[in-house]
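Coordinate analysis (summary)
Next come the chains, spelled out residue by residue.
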Amino acid sequence: MPSRTSFIYHPDALLHNTGPGHPERRERLETMVAHLMTTDLWQKLDHARPEEAKIDDLTLAHAKHYVEWVQKSIAEGETLLDEGDTRVCRESWRAALLGVGSVLQGVEVACGKEKRNVFCAVRPPGHHAMTSRAMGFCLFNNIAIGARTAQKKHGVERVAIVDWDVHHGNGTQEIFWHDPTVLYVSLHQYPLWPGTGSASEVGEGPGTGFTVNCPMAPGSGEKEYAAAFRDTIRPALKKFGPQLLMISAGFDAHKSDPLANINLDSTTFAMLTRMLRDAVATSTTCGVVSVLEGGYDMHALAESVEQHVSQLIV
Ligand SMILES: [Zn+2]
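What comes next concerns the included structure.

Some thoughts on the sheet that holds strand β1 (residues 5-8)
The strand order across the open sheet formed by 8 strands is β2-β1-β5-β10-β9-β6-β7-β8, and the pairing between neighbours is parallel. The two strands at the open ends of the sheet, each matched to only one other strand, are β2 (45-48) and β8 (211-216). Geometrically, the sheet is characterised by an average inter-axis angle of 15° between neighbouring strands, direction not taken into account. For strand β6 (residues 159-163) and strand β9 (residues 244-249), the ladder comprises 5 bridges, and the chain directions are parallel. Within β9, the position partnered with V159 by the bridge is L244. The sheet strands contacting helix α6 (residues 142-154) are β6, β7 (182-189), β9 and β10 (289-292), and the helix crosses β9 at an angle near 170°.

Written out as structure tokens, the structure is:
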């Protein structure tokens, strides 16, 4: 009997209000969930609601003074945490804790007894959040905290994080820059904000070689992504042999996305998911933990998540 795939989501993620005209808005999750409910997929998923993460979870990837600053700023009614685009409201603290909590629950499901695959439908996203800085709509680095929790709580030694969001996950890269136990692989448009992610950025000290960047030229499509996977990502994953695969699943490399210029179709995300699962099939002992990052065309996001999650069902 195959184990079911978990879909972890809390409707209070919708309370995170970024203000009028902001691309990272509640409709992203509302449209996605409404769309999935119209598909056969919805019935096949095991639906779970997360609990809020604790401060001690956040400090697995962030400085304590930063966590306290975010909490205090939000409590005092601050609406801007970083240079114009990381907007918050009073409910953002709860949404952020639920976002991290979703990944913690995902890790429990994937690395505990059940070994299920998991998709965490969260906002705010996380991969730009650095040790001590909010950035790019991100407050806390959901996936980084999840990876550290898998190591600490479940004894997982090697975690691979594959990030196909169209923007480089500079926060995740920074957090694991010196760490040889977490392989960080990113496919992203380059050049593009935040400006990092050249192929020469490979980690440092004991972490050298455990950061792998695949910068993609504007206009790249499925063919170029498949080639990067075949030539760079698959060999890196095979060599590393992760016990746990985590995916920073942003869907803003879709051709309809307003924030970038990569030309993937919704179905490309099914292909990438299959390729990744296949590349780690012989080394992983846990389920896959996939975590939503970006994706700003509502329809493309909903369709792409459907394609991606359909390939997480075993
Ligand atoms: Zn993005």
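The structure having been displayed, the exposition proceeds.
Examining the pattern of salt bridges
Applying the stated rule across the entire model yields 17 salt bridges. The partner of R116 in a salt bridge is D46, with the nearest N and O atoms 2.8 Å apart. Remark: D46 occurs in strand β2 and R116 occurs in the loop between α5 (92-111) and β5 (118-120); sequence separation between them is 70 residues. The salt bridge involving R148 is made with D179; its shortest N-O contact spans 3.9 Å.

Quick word on the side chain of H188
Locating H188 in the fold gives a position in strand β7. Note on H188: relative accessible area 0%, which makes it buried. A distance of 2.7 Å separates a polar side-chain atom of H188 from the backbone oxygen of G197. When near neighbours in sequence (up to four residues on either side) are disregarded, H188 contacts D165, V166, H167, H168, T196, G197, N213, C214, P215 and M216.

Rules and cut-offs
- Residues numbered from 1 in each chain as written.
- Predicted model: local features only at pLDDT ≥ 70, side-chain atom pairs only at ≥ 80, totals over all residues.
- Heavy atoms only, no water.
- Pairing = 2+ DSSP bridges.
- Helix = DSSP H or I, 4+ residues; strand = E, 2+ residues; numbered from the N terminus.
- Axes fitted to C-alpha atoms, helices over the stretch in contact; angles between N-to-C directions.
- Contact = heavy atoms within 4.5 Å.
- Salt bridge = Lys/Arg side-chain N within 4 Å of Asp/Glu carboxyl O.
- Buried < 20%, exposed > 50% of the residue type's maximum accessible area, 1.4 Å probe, protein only.
- Polar contact = N/O pair within 3.5 Å; in protein donor to acceptor, adjacent residues only side chain to side chain.

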